[in-house]
Amino acid sequence: MDVLSTEDLIQAERVLYHHFFCYVKSMALSCAVHLGIPDAIHLRGGSATLSELIADTGLHASRLPYVQRLMNVLTISNVFTASYPPATGSPTTASLSSREEIVYKLTATSRLLVAGNKLMCGMSPMLHFLVRPLTITPFFGMHAWFKDQATSKSFFEMAYGCDRWEMTSKNAEDNSVFNEAMVADSQLVMEIILREAGGKIFSGINSLVDVGGGLGAASVAIARAFPRIKCSVLDLPQVVSQAPQGNGAVDFIPGDMFKFIPPADAVLLKWVLHCWSDDDCIKILRNCKAAIPAREDGGKVIIIDTVMGYGAQDTISKETRALYDLYMMYINGVERGENEWKKIFEQAGFTDYIIVPGLGMRSVIEVYPR
């Protein structure tokens, strides 16, 4: 093997350290949200100085230079923007007052992290779900999972001795964090889908059952946009028990998708199938097929999930989809390409499908029965 040039060594070192420290970026984002920094900037009208952030988040003034270092990471990462004052010296000799005059502003990304913003779907609950010890710990056992060829357990099961859904049933805090994250994600995804393709996807439907629909965020959004559609949610008892009461637009049904799916014109499967093996997906889809009428009578299954290879092909989009696919391994889940989806549909007894692209990381797949 050839000896690396100095330039190649420097580049390789830079790339490796970037990978080594990637988790610090997630932790910095989590820290900023827990401190309430996006909210503080939002309440200041969308921009705030460093000293204003210190005051509004209730931090001691001695933390100011450390907050600046935190915000430096998040501005380089394009979560926030920063407007710097005219230089008054080198970075090491700049005065405290100079540092205080840096003005931080929200970007489209950080606007999604503002809590209680009625004009924008908030993704802070998803951040709290993904960036926490319970979610991250299983990944420390990934290498052991690869070496243990005899195990059928996920590395979540190897870490905790139960599968993901058992954890929500016996850990009330996890159940709450999980459900809140799914609500946040559903609200954002449904806003995009209803804006761009809602009329086409939901036209002609009078009833819909959202299988694994959690606390009903997607169904509520559909019912608001299309009041004629009678929406119901089927999910596990520990999920349905936390569903909001008194919402006449959506019915909540405790149950198991592997056993029975209530009849409706359409079944919605919103990032459900990527949690399961091909065989399990086929079982779920066969139950869906039994619940809906024939295609000529308007029956269809609406799947919202990733289709690998579809969507934007820039580096961030491709890397995010690849990371999402690897992430799903922690519960033995998988993201699929079109050919993999097609095979599952055919084995479940469906004859045709349409993929609606251009809806962010996920696609909508309309699947039709014979």
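In what follows, the accompanying structure is described. (Residues numbered from 1 in each chain as written. Predicted model: local features only at pLDDT ≥ 70, side-chain atom pairs only at ≥ 80, totals over all residues. Heavy atoms only, no water.)

Description of the overall build of the chain
- The helix and strand tally for the chain stands at 19 helices and twelve strands.
- Along the first, second and third principal axes, the C-alpha atoms of the chain reach 75 × 60 × 40 Å.
- The proportion of buried residues among the 370 residues of the chain is 44%.
- Taking contacts inside the chain between residues at least 6 apart in sequence as the whole, the part at least 24 apart equals 63%.
- Taken as a whole, the chain presents about 19100 Å² of accessible surface, with 57% of it coming from carbon and sulfur. (Helix = DSSP H or I, 4+ residues; strand = E, 2+ residues; numbered from the N terminus. Buried < 20%, exposed > 50% of the residue type's maximum accessible area, 1.4 Å probe, protein only. Contact = heavy atoms within 4.5 Å. Areas by Shrake-Rupley, 256 points an atom, 1.4 Å probe, with all protein chains shown as cover.)

Describing the pairing of strand β5 (residues 230–235)
- For β5, a buried count of five out of six residues is recorded, marking the element as mostly surrounded by other parts of the structure.
- In terms of handedness, the path from strand β4 (residues 207–211) via helix α15 (residues 217–225) over to β5 forms a crossover that is right-handed. (Right-handed = clockwise from strand over helix to strand, strands pointing away.)

What to know about the pattern of salt bridges
- Applying the stated criterion across every chain, the model contains 13 salt bridges.
- Linking aspartate 251 and lysine 230 is a salt bridge whose minimum nitrogen-to-oxygen distance equals 3.2 Å. You can see aspartate 251 sitting in strand β6 (residues 250–254) and its partner lysine 230 sitting in strand β5, a full 21 residues away along the chain.
- Its relative accessible area of 36% is what places aspartate 251 among the partly exposed residues.
- For lysine 230, a relative accessible area of 41% corresponds to the partly exposed category.
- For aspartate 278, the salt bridge identified is with arginine 336, shortest N-O distance 2.9 Å. With aspartate 278 in helix α17 (residues 278–291) and arginine 336 in strand β10 (residues 336–337), this residue pair connects regions lying 58 residues apart in the sequence.
- The exposure class of aspartate 278 is partly exposed, given its relative accessible area of 36%.
- Taking the relative accessible area as the measure of exposure, arginine 336 reaches 1% and is therefore buried.
- One network of salt bridges, in which partners are shared, links Arg44, Glu52 and Asp56. (Salt bridge = Lys/Arg side-chain N within 4 Å of Asp/Glu carboxyl O.)

Description of the packing of aromatic side chains
- For the structure on display, the rule yields 18 aromatic pairs.
- Taken together, a centroid distance of 5.5 Å and an interplanar angle of 75 degrees make the contact between phenylalanine 129 and phenylalanine 178 edge-to-face. Residue phenylalanine 129 is located in helix α8 (residues 124–130), and its partner phenylalanine 178 is located in helix α13 (residues 172–196); the two are separated by 49 residues in the primary sequence. You'll find phenylalanine 129 and phenylalanine 178 in the same group, each marked buried.
- Aromatic pair tryptophan 145 and phenylalanine 146: ring centres 5.1 Å apart, planes at 85 degrees, arrangement edge-to-face.
- By way of ring pairs, the aromatic residues Phe139, Trp145, Phe146, Phe155, Phe156, Tyr160, Tyr324, Tyr327 and Tyr330 are connected into one cluster.
- When the ring centre of tyrosine 368 is taken as origin, the NZ or CZ atom of arginine 295, which lies over that ring, is 3.9 Å away. (Phe/Tyr/Trp six-rings, centres within 6.5 Å; stacked < 30°, edge-to-face > 60°. Lys NZ or Arg CZ within 6 Å of the ring centre and 35° of its normal.)

Topic: the packing of α13 against α15
- Direction vectors running N to C along α13 and α15 enclose 30 degrees, while the axes themselves pass 8 Å from each other. Crossing angle aside, the handedness with which α13 passes α15 is right-handed. Contact residues: Val183, Ser186, Gln187, Met190 and Leu194 in α13; Ala217, Ala218, Ala221, Ile222 and Ala225 in α15. (Axes fitted to C-alpha atoms, helices over the stretch in contact; angles between N-to-C directions. Left-handed = near helix turned anticlockwise from the far one by under 90°.)

Here we look at a nonpolar patch on the surface
- Side chains of Leu16, Tyr17, Phe20, Phe21, Tyr23, Val24 and Met27 sit close together on the surface and give an oily, nonpolar patch of about 710 Å² of accessible area.
- Counting only elements with at least two residues in the nonpolar patch, the list comes to α1 (6–20) and α2 (22–35).
- Within the secondary structure, valine 24 is located in helix α2. (Patch = residues over 30% accessible without salt bridge, like charges linked within 9 Å, V, L, I, M, F, W, Y side chains within 5 Å.)

Focus on unusual backbone geometry
- Even without being a glycine, tryptophan 271 presents a positive backbone phi close to 35 degrees.
- Among the secondary structure elements, tryptophan 271 is positioned in the loop between β7 (266–270) and α17.
- On the accessibility criterion, tryptophan 271 (6% relative accessible area) is buried.

Re α13
- With 25 residues, α13 extends 36 Å between its outermost C-alpha atoms, agreeing within 8% with the 36 Å of an ideal straight helix rising 1.5 Å per residue.
- With a side-chain oxygen positioned 3.1 Å from the backbone nitrogen of glutamate 173, the residue opening α13 is asparagine 171. (Expected span 1.5 Å × (residues − 1). Polar contact = N/O pair within 3.5 Å; in protein donor to acceptor, adjacent residues only side chain to side chain.)

Notes on the environment of glutamate 191
- Turning to its location among the elements, glutamate 191 is positioned in helix α13.
- Residue classification places glutamate 191 among the partly exposed positions, given a relative accessible area of 27%.
- Counting along the chain gives 30 residues from glutamate 191 to alanine 221, while the straight-line C-alpha distance between them is 7.8 Å.
- Among the polar contacts listed, one links the side chain of glutamate 191 to the side chain of arginine 195, at a separation of 2.6 Å.

Let's talk about the side chain of aspartate 210
- Tracing the backbone through its elements, the reader meets aspartate 210 in strand β4.
- According to the relative accessible area criterion, aspartate 210 is buried, its value standing at 0%.
- Within polar-contact distance, the side chain of aspartate 210 engages the side chain of serine 219 at 3.3 Å.
- Discounting residues that sit within four places of it in the chain, aspartate 210 has contacts with Ala218, Ser219, Ser232, Val233, Leu234, Leu268 and Lys270.

Some points on the environment of isoleucine 136
- Following the sequence through the fold, isoleucine 136 ends up in helix α9 (residues 133–136).
- In this structure isoleucine 136 comes out as partly exposed when scored by relative accessible area, which is 26%.
- Apart from the residues within four sequence positions on either side, isoleucine 136 is in contact with Met27, Leu130 and Val131.

Note that every value here comes from positions in space, so none of it alone points to a role or purpose.
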